[in-house]
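Each chain is listed here by its residues.
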Amino acid sequence: MSELLDLTVADAIARIRGGELSADEYFTAWAEAAAGDELNAYLWRAGDGGSETGTANGGGELAGVPIAVKDIFCTEGIQTTA
């Protein structure tokens with residue numbers, strides 16, 4: 001799975017759109033990397049896999065590529081650590 005983490009966003013999008021890579025597989029690789037982050041930079045994730053928890057289906061401009069967002073604003077129901 002580490003080879004998936006080395007893909008550029010453009011390469012990942014091309015592979016997802018081309019059917020070589022599923023958005024769920026790519027999401028899972030990054031979710032596992034975030035869970036094992038020794039700096040503890042990812043304290044909360046919007047799902048641990050499966051369509052009901054927020055993984056993308058490969059549509060849209062980012063084609064299922066996950067993004068990280070810094071939590072500097074309070075959001076109801078989600079812990080904000082700033």
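For clarity, every value in this text was computed on a predicted model and none was experimentally measured.

Caption draft 1: Local environment of helix 2 (residues 9-18). Within the sequence span of helix 2, burial applies to Ala12, Ile13 and Ile16. All buried residues of helix 2 fall inside an arc of 100° around its axis, so they share one side. In helix 2, those exposed residues whose orientation departs by more than 90 degrees from the buried face are Ala10 and Gly18. In this structure, the buried residues of helix 2 make contact with helix 3 (23-35). Taken from the residues just after helix 2, Gly19 is the one with a positive phi, measuring 85°.

Reading the values: the criteria
Residues numbered from 1 in each chain as written. Predicted model: local features only at pLDDT ≥ 70, side-chain atom pairs only at ≥ 80, totals over all residues. Heavy atoms only, no water. Buried < 20%, exposed > 50% of the residue type's maximum accessible area, 1.4 Å probe, protein only. Helix = DSSP H or I, 4+ residues; strand = E, 2+ residues; numbered from the N terminus. Arc of directions from axis to C-beta. Contact = heavy atoms within 4.5 Å.

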